[in-house]
Amino acid sequence: MSDLLGKMKRTHTCSELRDTNIEQEVVLMGWVQHRRDHGGVIFIDLRDRQGITQIVFNPVISESVHGKAQEIRNEYVLGVRGKVASRPGDMRNSNMETGDIEILVEELKIFSRAKTPAFQIDDRVETSETLRLQYRYLDLRRPQLKKNILDRHKASMAIRNYLDSNGFIDIETPFLTKSTPEGARDYLVPSRVNPGNFYALPQSPQLFKQLLMISGFDRYYQIVKCFRDEDLRADRQPEFTQIDMELSFVNEDEIMEIAQGLIQSIFKQVLGKDLTTPFPALTYDEAMERFGLDRPDMRFGLELCNVSDIVKDANFKVFSSVVKKGGLVKAINAKGCASFTRKQIDELTDFTAVYKAKGLAWIKIKEDQWQSPIAKFFTDDEKQALAQRLDLEPGDIVFFVADQPKITNEALGQLRNELGRRLELISDDVFAFTWVTHFPLFDYDETEKRYQSLHHPFTAPHEEDIDKLSTNPLDIKSRAYDLVLNGIEIGGGSIRIHDTYLQEKILKCLGIEAEEAHEKFGFLLEALESGAPPHGGIAFGLDRLMMILCREDSIRNVIAFPKTQKATCPLTEAPSRAGSAQLQELAIKVSRIPE
RNA sequence: GGGGGUGUAGUUCAGUUUGGUUAGAACGCUUGCCUGUCACGCAAGAGGUCGCGAGUUCGAGUCUCGUCACUCCCGCCA
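Residues numbered from 1 in each chain as written. Chains lettered and ligands numbered in written order. Predicted model: local features only at pLDDT ≥ 70, side-chain atom pairs only at ≥ 80, totals over all residues. Heavy atoms only, no water.

Participant: Teacher, can you tell me more about the sheet that holds strand E5 (residues 101-112) here?
Facilitator: Note: strands within a sheet are paired through backbone hydrogen bonds, in either parallel or antiparallel orientation. A barrel is described by the order of its strands in space; here five strands give the closed sequence E1-E2-E3-E5-E4, paired in mixed fashion. Ignoring which end each strand starts from, the neighbouring axes of this sheet average 55° apart. The pairing of strand E1 (residues 25-37) with strand E4 (residues 77-86) spans seven bridges and is classified as antiparallel. Counterpart to Val27 in the pairing with E4 is Arg81. (Pairing = 2+ DSSP bridges. Helix = DSSP H or I, 4+ residues; strand = E, 2+ residues; numbered from the N terminus. Axes fitted to C-alpha atoms, helices over the stretch in contact; angles between N-to-C directions.)

Right under this line is the structure:
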C-alpha cells in the first residue's frame, strides 16, 4: 500500500537548496534517480522537474526511517521531511547545483512504487525510437528531452510577451474547417450530423487570418497546430505548430522587422543570446545563383560559380550540349581538397545522384597540371578562364554539375552542404539567419501543363510585374519572403492580395475558374469586397525553430508526444480501427473499409 | 511509390565477412556484505522466440527469399 500525501506539503524543489538553508526543516518530493545503499547509510538522488538533491537515510537519525528506506528502488516517488545539512568539504559534489548540501531524512513517505523502467532514465543510454515513444512518459523524464520541453515553454512565453507588447491579439481559429487551397493532402473528419460530408483539419489558418484582417483585428497571432497528411521526415510531422501572424496596413519591411524582433526575443529568452539585426537578405535569384538552394546555409562559403559561358563551346560535349539546350554548368571550388581519394569522390558522386545529377565532374589542381578525366577537353584559353573565374590554385579540387538549371542548382547546392559537413565548416554554435525575398510568383507544372502558385494563390505580386500576367507569368516576382536559419526554412510569409480585381486575374492565370474559386474559397473573395485593408503576414515553424535552438536533429525531440515515420503513436496505438457501430453512425459504408 | 541503414538478454551493443560444441560484454535487475557515496564498491545469481515466416544445408544468429517494425533520404510536402 502506498503512502498518501496527507498533510505533507512540499516546501522546496530539488534544485533550490543551498548552504544558506542549512538547519532548515524542509519537505522535498520527487522521483528516485539513483540509490546508493552503503549498508549503514543510504544515499538517494531525488529528482523533480527542477533538479536533483541528495537525501540521506542514516540509522543514527532514525532507525525506522532507515529501515523503510531499504525498500526504495529507482523511479519510486517519495516525499521526505528532514533537515538541510552542510556537506563537509571533500564530500561536496561540484557537479551538482545542490552539491554543497544534503537532506537528513526524518520522515519518509513512499507515494508510489515503480516497476523497473523499460530503459534507464539517463541521457547516456541511447534507446530505440519505438521504445522511447511507447514509454514517452519515461523518456520525458530524461534530462535532455525535459530541457527541450522546458525551453519550448520559454520560447512560447517569449513569443506571447513580445507579440502582446507589440499589439497583437491572440485569436483562435477552427480546427474543424474546410480545405485550404495549399498544396498538401488534408486530414478529413467525417461529420455525423451531415452524413457524407467532411471537415478538413487546417494546413494553416491562412484564410481565417485574412478574414480577421478584414474584420479589423489589425494584428493577429496564434501559436497553432497545423495538419498535413504527407510523408514524414526528421523535420516533418503530420501535426506541427506554427507561430502564425497577420498584420494590416504594413509592407514587407515592417513585417520582417517585427519578425526579426520576435526571433531576437526568443533567442534572448531561451539561450540568453543576443542576435544582431537586421538579418541579411538575399533575393531568390541571388540565393539560387550563389548557393543553388532557396534556403542557403550561410555558416560557410564554398559558393557556387556559374561557368556556362566559359564551357559553352568546349569540346567536352557533356558541358557544351547542356548549355546549348538551356542548361547550366556550375562549379564549386573545394579549396585545398585535392587530396580527396577516388572513394571520397565516388561517394560525392553518389550523393549528387540522389538529386538527379547525371554525373559529377572534377578537376584536381596540381602544381604543374590538372589531374582530371575531363581536363584534356579544354583549350588553354578555357582553362585559363576557368582558373580565373574559380580562383583555382594548386591543392584545390573543383566539382562540376551540368544539367537543367533546376537539377544543377539542387545537386550542387546539396553538394555544397555535404562538403560543408565533411570539411567541418559548420558549427552548431553559429546561428546564421538570412531572408530570402522576391520568390517567383508561379512555377510551371509540367505534368498538369499549368501555372502553380509557389506560395499560395493569395500572395501579392510586385507591382511592377503585374503586366507580365498576360505575357510572361514565370517572370513575376512575388512579395513573399522566407526566413532561413542554418540552411533550414524556419518561416515564411507574404503580402496578400487585398484587391478583388487582381485576385481574380491571378486565379485566372492559375487556371482556376470562377466557379471553382467560388466553391473553394468564395467566402474569402466575397469578404475582399467588403472593405479589405492592405495586409500580410508570416508564420514560423515552432518545432523546427526549437530543433535548432535545442541543437537536435529531429523535431521529435522538441515535441512531447510525436509520431513515428509511419504517422503512428506507439504509446496510444493511434491510429486505430473504428467500430462498425461508430462507422455506421457516420454513414460510412463499412463494407468498403479494407480488412 | 522508390532507395539506403538497423533489428541478438530489460537496455545499449559485439558476434554475421568465412555456417559448426553450451550465443558473449557493459549497464540495469535480484540476493548478500558494506556508515560518506554521488554512474559507490565487493561477491553471487537470474535473465535469450538472435524481429517474424519460409527455404538451402547433416547443421543457420550467420546464406537465400519473403515479411514486419524503427530510421534516413528521393518523390510528396513549405
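Participant: For this particular structure, what's the right way to read unusual backbone geometry?
Facilitator: The general pattern is negative phi for most residues beyond glycine and trans for most peptide bonds. Going from Thr277 to Pro278, the amide bond is cis rather than trans, its omega being 0°. Position of Pro278 among the secondary structure elements: in the loop between helix H6 (252-271) and strand E11 (281-283). Residue Pro575 follows Ala574 across a cis peptide bond; omega there is -5°. Positionally, Pro575 belongs in the loop between helix H15 (542-549) and helix H16 (580-585). Phi at Lys356 takes a positive value of approximately 80°, unusual for a residue other than glycine. With respect to the helices, strands and loops of the structure, Lys356 is situated in the loop between helix H10 (342-353) and strand E14 (361-365). What makes Lys356 exposed here is its relative accessible area of 59%. (Buried < 20%, exposed > 50% of the residue type's maximum accessible area, 1.4 Å probe, protein only.)

Participant: Hey, could you run me through the pattern of salt bridges in this one?
Facilitator: Side chains that differ in charge, positive against negative, can pair when their charged atoms come close. Following the criterion strictly, the structure yields 50 salt bridges and no others. Ionic pairing is found between Asp3 and Lys68, a salt bridge with its closest N-O pair at 2.7 Å. Within this pair, whereas Asp3 is found in the segment before E1, its partner Lys68 is found in helix H1 (residues 63-69), the two being separated by 65 residues in sequence. Here Lys343 and Glu347 are joined by a salt bridge, their closest N and O atoms 3.6 Å apart. (Salt bridge = Lys/Arg side-chain N within 4 Å of Asp/Glu carboxyl O.)

Participant: I'm lost on the packing of helix H5 (residues 206-215) against helix H14 (residues 514-528) in this one. Help?
Facilitator: Helix packing for two helices is described by the angle between their axes and how far apart those axes are. Relative to each other, H5 and H14 sit at 20°, their axes nearing to 10 Å. With respect to H14, the axis of H5 lies roughly parallel. In this structure, H5 meets H14 at a crossing whose hand is left-handed. Facing Leu207, Gln210, Leu211 and Ile214 of H5, the residues of H14 in contact are Phe521, Phe523, Leu524, Ala527 and Leu528. Its residues assigned to classes, the contact of H5 with H14 comprises eight nonpolar, one polar and no charged. (Parallel < 35°, antiparallel > 145°, perpendicular 65-115°, else oblique. Left-handed = near helix turned anticlockwise from the far one by under 90°. Contact = heavy atoms within 4.5 Å. Nonpolar A, V, L, I, M, F, W, Y, C, P; charged D, E, K, R; others polar.)

Participant: What's the story with helix H4 (residues 143-165) in this structure? I'm lost.
Facilitator: Quick reminder: α-helices carry 3.6 residues per turn. Residues three or four places apart thus point the same way. The end-to-end C-alpha distance of H4, which contains 23 residues, comes to 33 Å, matching closely the 33 Å that a straight helix rising 1.5 Å per residue would cover. Along H4, the positions that sit buried rather than exposed are Leu145, Lys146, Asn148, Asp151, Arg152, Ala155, Ser156, Ala158, Ile159, Tyr162 and Leu163. Gly167, located one to two residues past H4, shows a positive phi value of around 85°. (Expected span 1.5 Å × (residues − 1).)

Participant: Quick question: what am I supposed to make of the protein's contact with RNA strand B here?
Facilitator: Around RNA strand B lies a shell of 53 residues, among which Met91, Glu102, Glu126, Leu454 and His455 are the nearest. Protein-adjacent atoms of RNA strand B, using a 4 Å cutoff, are sugar or phosphate at a proportion of 57%. Separating a sugar or linking oxygen of RNA strand B from a side-chain N or O atom of His38 is a distance of 3.3 Å. Within the contact set of RNA strand B, a phosphate oxygen lies 2.6 Å away from a backbone nitrogen or oxygen of Gln565. Counting residues per element, the ones that place at least two in the surface near RNA strand B are E1, strand E2 (42-47) and helix H2 (129-134). Residue contributions to the surface near RNA strand B peak at four residues, all from E1. (Near = heavy atom within 4 Å. Polar contact = N/O pair within 3.5 Å; in protein donor to acceptor, adjacent residues only side chain to side chain.)

Participant: Any chance you could explain the nonpolar core here in plain terms?
Facilitator: For soluble globular proteins, the rule of thumb is that nonpolar side chains tend to be buried together. Residues Ile263, Ile266, Phe433 and Phe540 are the most contacted members of the largest nonpolar core, which totals 65 residues. With near-sequence residues (within four places) excluded, Phe433 lies in contact with Ile263, Phe267, Leu275, Phe279, Pro280, Leu483, Val484, Leu485 and Ile490. Grouped together as the second largest cluster of nonpolar side chains are 24 residues, Ile310, Val323, Ala331 and Leu390 included. (Core = buried A, V, L, I, M, F, W, Y, C linked by side-chain atoms within 4.5 Å.)

Participant: In this structure, what is going on with the sheet that holds strand E16 (residues 397-403)? I would like to understand it.
Facilitator: Taken together, five strands build an open sheet; the order of strands is E12-E13-E16-E14-E15 and the sheet is antiparallel. Across the chains shown, the open sheet's two edge strands, defined by having one partner strand only, are strand E12 (305-306) and strand E15 (370-371). The pairing of strand E13 (residues 328-334) with E16 spans seven bridges and is classified as antiparallel. Its bridge partner lying in E16, Leu328 is registered against Asp403.

Participant: I would appreciate a short explanation of the pairing of strand E20 (residues 480-485) in the present structure.
Facilitator: Along E20, six of the six residues are buried, which leaves the element largely enclosed by surrounding structure. Residues Ala480, Asp482 and Val484 point to one face of E20 and Tyr481, Leu483 and Leu485 to the other, with burial holding for every one of them. Bridge count between E20 and strand E21 (residues 488-495): six bridges; the pairing is antiparallel. By the bridge assignment, Leu485 is partnered in E21 with Ile488. Linking E20 to E21, which pair antiparallel, is a turn of two residues; within it Asn486 sits at a positive phi near 50°.

By themselves, these figures tell us nothing about what the structure is for.
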